[in-house]
Every structure is written in structure tokens, then in C-alpha cells.
Amino acid sequence: MQPSGPSEVPAETVRVARAAFPKGSLAIRVRDELGPLFSDEEFADLFPARGKPAWSPGRLALVLVLQFVEGLTDRQAAEAVRARIDFKYALGLELSDPGFDFSVLSEFRDRLVEADAGLRVLDGILAAAGEKGLLKTAGRARTDSTHVLTAARDVVWLERVAETLRSALNTLAQAAPDWLAEVAEPDWFKRYAARAEDSRFPKARTQRDEMGLRIGRDGTRLLQAVWSRTAPQELGTLPQVEHLRQMWVQNFHQVEGEVRRRDPKDRPPGAICLVNPYDPEVRNSVKRDVAWAGYKVHLTETCEPDIPNLITNVDTTDATVPDVSMTEVVHAQLARAGRLPTEHLVDAGYVDAHVLVSARRQYGIPLTGPVAAAISHQAAAGDGFTADDFTIDWEAEQVTCPGGKTTTCWGPDRSPEGTPVIRVRFAGGLCRPCAVRERCTTSKLGRRLTLRPRQEHEALRQARAEQDTDTWKTRYNTHAGVEGTISQGINRCGLRRSRYLGLAKTSLQHQLTGAAINLVRIDAHLTGTPRARTRTSHFAALSPAEPKPGGAEKGLPPN
Ligand code: SF4
């Protein structure tokens, strides 16, 4: 690859584009406002220094983003580069430029994935926006997540194991054809030569069970052969063979030398449970009433009036990773990129006592999101005494209860999840004669309290007190706008379903989606398109709780 610096738009391309698009188009306006956006040097390390000259990677990066702006396939994007004047203008190409073959886009994506360079595309747009004063990182930011369905089709259990075995056989047939021809049993060619489909499996339960066991036995025999002394050593390291091994460990076991299917209760936890033969990184998950197989994406965006709300961070995880595990990750990434906000608005799922403290201590930013109410039978009873009703002297390590009794029975411990806690106990002798005991404890052994470390306890207490105030509610209203961002990603860029197999490629898809949404918003800002507001039905508008026009922002971003 021979990097070339950012080029001017050729004069003839400018002339024809201005004539054809007197009012401009997104691609033209963005080029005029932000310039070429990407240089070849930014992606030079993705290509070997020698070899066939590559199509300009800086331009390819812009094509990938425009592809997501318009929801184009690779063929359509390559065709747009060849045929559309506004694409040629944005890319700085001569009108006679023939573009490239559509397969170049897939190769370039592979290079971005291999070098983990997808964020460079998002960063390039944010840097250009920052230079034009369209990005204000030192303000508020908001984050939310949504589920992403896998690109791989859903399969029933029989297909899952049969297709995993077939995929391993195909890989082995390529890697060691002579060895496999000796090892494979004659029936395997009949059973696994063609794709397994549920419609071809028997309907009766007993026959399906028998077929499952037969597949289990075949897979076990293949794995034993792969790890036998006569097999080439490298076969065990092939990803499809490792996938087969894990799938078999999770689905079958041997009882007295016989292969048996594992009981579903004996399967591993969701975070490591393989559920798809085509994409080993897909996981099943459930959030509220949504169950899905795939991934999860976390979007962080700025939320300041008068400038576009731009996506400043994108993270993709497997579907089982809880939101709260990502709060510190998002902060670390924003800090690395120099885009830490002064306040971070998040959904309830991102908040717990630990991250409330770490956000302030490590990054000096307040984390604003609803914290869960205290969970105890006293809290559920309404007038019962919760931990917040006790006075804690942290230095003296003693606690005074609402009944006026003080205990020093205080000891550090660990919660079942392994986090540090403090156990406090009021002796049964203190509590039994207490006049307000029925509001406090039913235990004859006295009241027990489990406290978090001091900073976390106080942060949680303060957050619970604040979130009941009108000031906090008004401030937090701004978080609702992130739902519009997710809608925009789904409707405009196909965020809901992964285009590609695997976490790394899905992650690149989301980084490009973030970049595309940013271009759409910058263009909306340039054309003065007002931010859409949350649609409210005529009936919902009658609700006394519905905010009146002119109230706090609860709107969708521009689209
Ligand atoms: S029950 Fe025990 S801990 Fe509770 S208020 Fe009475 S004396 Fe205090």
C-alpha cells in the first residue's frame, strides 16, 4: 500500500456535483464541513509495505461509514462509489474513477478486525467534529445498552450438535484429508455430508433421542481420534475442533463407557454455554421480558443542547455480560480517548455502590442513575427499620439502632459474590425486650446488618436520598434521549441484528454504526433539522404525568 495524503476534490467532480446537487447531500455536506476525514497513513499499518497496491484505505474507511449511513450491502456500496457523484465528491475521486470490486470492503473489514482498528474510524470522525466545535466532551454523557441478535440462524439442539460435528469434519477434511479418510466411518458421509436441518430429522421423540446419542457417539469417536497418538498434532488446535470439544463436554458425558446426553440442569452457566454451531461466541440471555441469542452493545453519547449529540464510545460484549460490569470499562475507554464527561447519566443496570465510588474516585465524575431500593423484609414492610435508619460510627466501629441501643459487634466479611462487607450484630438480649422490635427483626438472635464499606455505603445512601428529589429527576430526564439513539441505530443502520459472525466483527459493525450515526447527526445539524421529540399518543398526552411541551428534553436525536 502506498499511502497518499488527503486530496482535494477534483475540479470537474466539484462542478458536476454542484450542478447535480444544488442543495448538496449528506456526503457532500459532510465533506465540505469536515474535510476528507481519514488519511491513508492512519491505516497504513494494516497493509504490508510490499505487494499489490491497495485501494486507498482512508477512502475505504469513509465508504464503510457511508455504507452504514445508507444501509447498503457491500455490492451496493461499491456500486455507489462507481456510479454516484456525491460519493465521488465525498471521496475526492475523479468522475471517471472506476472504484473497486465489492470484495475489497470485506477484505478491509478483516484487516480492521485483525488489527482491532475499528475505533479509529469513530475517532477520526470525532476528531474532525471536535476541530469544528461540534463535539463537547466536557459536558454530560449518557449510556445505554441494547440486545443484538446473532447473524447465525437459530437451531434446535439436534441441529446444533450435528452442525458442530459437520463443521469440524469439513475443517479436518481440509487440514488432513488422508488422515480423515482413514478415520471416518462409512456412515458419516451419509450423515454429515449435507447440512443438518430439523425438517429432515425424525419427528418422534424416541427416534430424535436416539439420533442425538448417535451424533454424540460419532463426535466422541472423532475427538478420540484427533487426540490419538497417530493423529497430526496440530489438529487439536483447529478452532472448529476446539468448538466441537467444548460443545461435546457441555452436551454429552460418558456413563460406564456409554455416551449419554447431559441433563439440561447439568449444563454450564450462560456465560460459557455454547448455543450456536456457526458462531461459538453467541450466548443466550434474558433482560426483563426479552430473551435472545447474540450480543449486547453499549452506546455512549454526548447530550448537550445546540450541538449534535455524538456517539463517543461503543462497546460490544457477549449477551450475558451485565451492564454494571461495563460501567468502569466505559469510563476507562472514555478517559483513554480524552472524552470523559463531567456527568455520566446511565440506566439503573449500570449503577451499584462500587461504581458510584469508583467513578468519583478514579475519574472525578458523578454517575447519575437510579439505584436499587434496599432489599430486606424490613424495607418491604414499609415502616420497618432499614440499614439507613441505623447510626453508624465508622471510626469507632459501632452502630446505634433506632431503639437507642449500641453494638460494637462488628466484623469484616465477604458477600457470596466475594465483595467486602461488614457484618453487624445486635445481641438477642438487647433486642428481645425492645418496644419497637416488630419493626426491626423477627429473629430471636437479634438484628443483623450487612454493611458495605464506608464510602460505598455513604454513596448509596446519598444516591437514594437524591433520586427522590425533583432536581435529580429533571436532571435524569435527559437520559431518556439515549433510547432515541438506539432506535436510530436499529432503524437506520440495522443495529438490532449482527451483519457478521463473531464478536470481533460484530463489534466493528457497531463502531461503524456509531460513526454513521455521528455523520447523520452532524448533517442534521448543518441542515438545521430539528431534533425529533418522543412521539406521544393522543391518549398518553392526556396523562397528568406527561411532560408538557417546553419541559425537560426527552426527545429523540435528529435522524
Ligand atoms: S430490635 Fe434490637 S436492633 Fe432493633 S431497634 Fe430494637 S434493640 Fe435496636
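Everything that follows concerns the structure shown earlier in this document.
Residues numbered from 1 in each chain as written. Predicted model: local features only at pLDDT ≥ 70, side-chain atom pairs only at ≥ 80, totals over all residues. Heavy atoms only, no water.

**Points about the site of the ligand**
Our working rule: Think of it this way: one heavy atom of a residue within 4 Å of a molecule or strand is enough to make that residue near it. A cavity, in this analysis, means grid points on a 1 Å lattice covering only the protein atoms where a 1.4 Å probe fits yet has no way out; a pocket is instead an open set bounded by protein on both sides within 12 Å along at least five of seven lines, and a residue lines either one if it has an atom within 4 Å of a point. Cavity and pocket membership follows a simple rule, namely that a molecule belongs there if more than half of its atoms are within 2 Å of the grid points. Residues are grouped as follows: Ala, Val, Leu, Ile, Met, Phe, Trp, Tyr, Cys and Pro are nonpolar; Asp, Glu, Lys and Arg are charged; all remaining types, including Gly, are polar.
Around the ligand, the neighbouring residues are C401, G403, K405, F426, L430, C431, C434, V436, R437, C440 and R447. Because more than half of its atoms lie within 2 Å of the grid, the ligand is assigned to the largest cavity. Its residues assigned to classes, the shell around the ligand shows 7 nonpolar, 1 polar and 3 charged.

**Looking at the pairing of strand β3 (residues 258-261)**
Defined as follows: Note: two strands are recorded as paired if DSSP finds a minimum of 2 bridges between them. Secondary structure elements follow DSSP: runs of H or I no shorter than four residues count as helices, runs of E no shorter than two count as strands, and numbering proceeds from the N terminus.
Bridging between strand β2 (residues 252-255) and β3 involves 4 bridges; their strand directions are antiparallel. Bridge assignment links Q254 to a residue of β3, and that residue is V259.

**Here we look at the packing of helix α3 (residues 57-70) against helix α6 (residues 103-114)**
The line we're drawing: Here, axes are lines fitted to C-alpha atoms. For helices the fit covers the stretch in contact, and angles between N-to-C directions go from 0 to 180 degrees. Oblique is the label for every angle not falling under 35 degrees (roughly parallel), over 145 degrees (roughly antiparallel), or within 65 to 115 degrees (roughly perpendicular). Two residues qualify as a contact provided that any one of their heavy atoms is within 4.5 Å of a heavy atom in the partner residue.
Packing of α3 against α6 brings their axes to within 11 Å, and their N-to-C directions diverge by 100 degrees. As far as their axial angle goes, α6 and α3 are roughly perpendicular. Contact residues: P57, L60, A61, V63, L64 and Q67 in α3; V104, L105, F108, R109 and L112 in α6. Counted by class, the contact of α3 with α6 contains 9 nonpolar, 1 polar and 1 charged residues.

**Quick look at the sheet that holds strand β9 (residues 391-393)**
On the basis of which strands lie adjacent, the open sheet formed by 3 strands has the order β9-β10-β11 and antiparallel pairing. Each end of this open sheet is capped by a strand with a single partner; those strands are β9 and β11 (406-407). Sheet analysis places β9 next to strand β10 (residues 398-400), joined by 3 bridges and oriented antiparallel. Bridge pairing links I392 to V399 in β10.

**Observations concerning the side chain of T146**
Our working definition: Here a polar contact means two N or O atoms within 3.5 Å. Within protein one must be a hydrogen donor candidate and the other an acceptor candidate, and residues neighboring in sequence count only if both atoms are side-chain atoms.
Its place among the elements puts T146 in strand β1 (residues 140-149). Here the side chain of T146 touches R496 through a polar contact of 2.7 Å, side chain to side chain.

**Description of the nonpolar core**
Here is the rule we go by: Remark: nonpolar core denotes a set of buried residues (Ala, Val, Leu, Ile, Met, Phe, Trp, Tyr, Cys) joined through side-chain atoms within 4.5 Å. Note on exposure labels: buried denotes an accessible area under 20% of the residue type's maximum, exposed denotes more than 50%, and partly exposed covers the range between, all computed with a 1.4 Å probe on protein chains only.
In terms of nonpolar packing, the biggest core is built from 63 residues, with L37, F38, V65, F108 and L519 touching the most fellow members. The greatest single-element share of this core, amounting to 9 residues, is contributed by α3. When residues no more than four places from it in sequence are discounted, the contact partners of F108 are F43, L46, F47, P57, L60, A61 and L64. Formed by 32 residues, the second largest nonpolar core is a distinct cluster that contains V226, A231, V241 and F252.

**Thoughts on unusual backbone geometry**
Non-glycine residue L37 carries a positive phi angle of around 70 degrees. Among the structural elements, L37 can be located in the loop between α2 (26-34) and α3. The phi angle at E397 is positive, at roughly 55 degrees, despite the residue not being glycine. Within the fold, E397 resides in the loop between β9 and β10. On the basis of relative accessibility, which here comes to 41%, the residue E397 falls in the partly exposed class.

**A few points about the packing of aromatic side chains**
For clarity, the threshold we go by: Note on ring pairs: Phe, Tyr and Trp rings are taken, using the six-membered ring of Trp, and paired if centres are within 6.5 Å. Classes follow the plane angle, with under 30 degrees stacked, over 60 edge-to-face and the rest tilted.
The final tally for this structure, using the stated rule, is 9 aromatic pairs. For the pair W157 and F252, a centre-to-centre distance of 5.7 Å together with 55 degrees between the ring planes defines the contact as tilted. With a gap of 95 residues between them, W157 in helix α8 (residues 157-175) and F252 in strand β2 connect regions that are remote in the sequence. A relative accessible area of 4% means that F252 is categorised as buried. On the basis of an interplanar angle of 20 degrees and a centroid distance of 4.9 Å, the ring pair of W472 and Y476 is categorised as stacked. A residue pair is termed a helical-turn pair when its members lie 3 or 4 positions apart in one helix, as W472 and Y476 do in helix α18 (residues 470-477) at 4 residues. Given the relative accessible area of 15%, Y476 is considered buried. Put simply, the rings of F38, F43, F47 and F108 pair up and form one aromatic cluster.

**A word on the pattern of salt bridges**
A side chain of one charge can pair with a side chain of the opposite charge if their charged atoms are brought near each other. Where we set the bar: Should a side-chain nitrogen of Lys or Arg be within 4 Å of a carboxyl oxygen of Asp or Glu, the pair is scored as a salt bridge.
With the rule as written, the count across this model stands at 33 salt bridges. Where K296 meets D323, a salt bridge forms, and the shortest distance between an N and an O atom there is 3.0 Å. Linking K296 in strand β5 (residues 290-302) with D323 in the loop between β6 (311-318) and α13 (327-336), this pair joins segments that are 27 residues apart in sequence. Residues joined in a network through salt bridges with shared partners are E185, D187, K190, R191, D218 and R221.

**Comments concerning α13**
An α-helix turns once every 3.6 residues. As a result, residues three or four positions apart point the same way. The criterion, for reference: Picture the helix axis, draw a direction to every C-beta atom, and the arc is the one those directions span.
Where α13 is concerned, the buried positions are T327, V330, H331, Q333 and L334. End-on, the buried residues of α13 take up no more than an arc of 165 degrees, which puts them together on one face. On its buried face, α13 sits against β1, β5, β6, β7 (343-346), α14 (353-363) and β8 (367-368). Positive phi shows up at G338, right after α13, with a value of about 70 degrees.

**Points about empty space enclosed by the protein**
Counted only if it meets this: Grid points are joined across faces, edges and corners, and a volume is the space filled by probe spheres set on the points.
Under the definition given, this model contains 3 cavities of 30 Å³ or more. The calculated volume of the largest cavity comes to roughly 90 Å³. What lines the largest cavity is a set of 13 residues, among which C401, G403, C431, C434 and C440 lie closest to the centre. Considered class by class, the residues forming the lining of the largest cavity number 9 nonpolar, 1 polar and 3 charged. Surrounding the second largest cavity, L26, A27, V30, R31, G35, L37, L62, L66, A90 and L519 form its lining. Elements that contribute at least two residues to the lining of the second largest cavity include exactly α2 and α3. Among the residues forming the lining of the second largest cavity, the class breakdown is 8 nonpolar, 1 polar and 1 charged.

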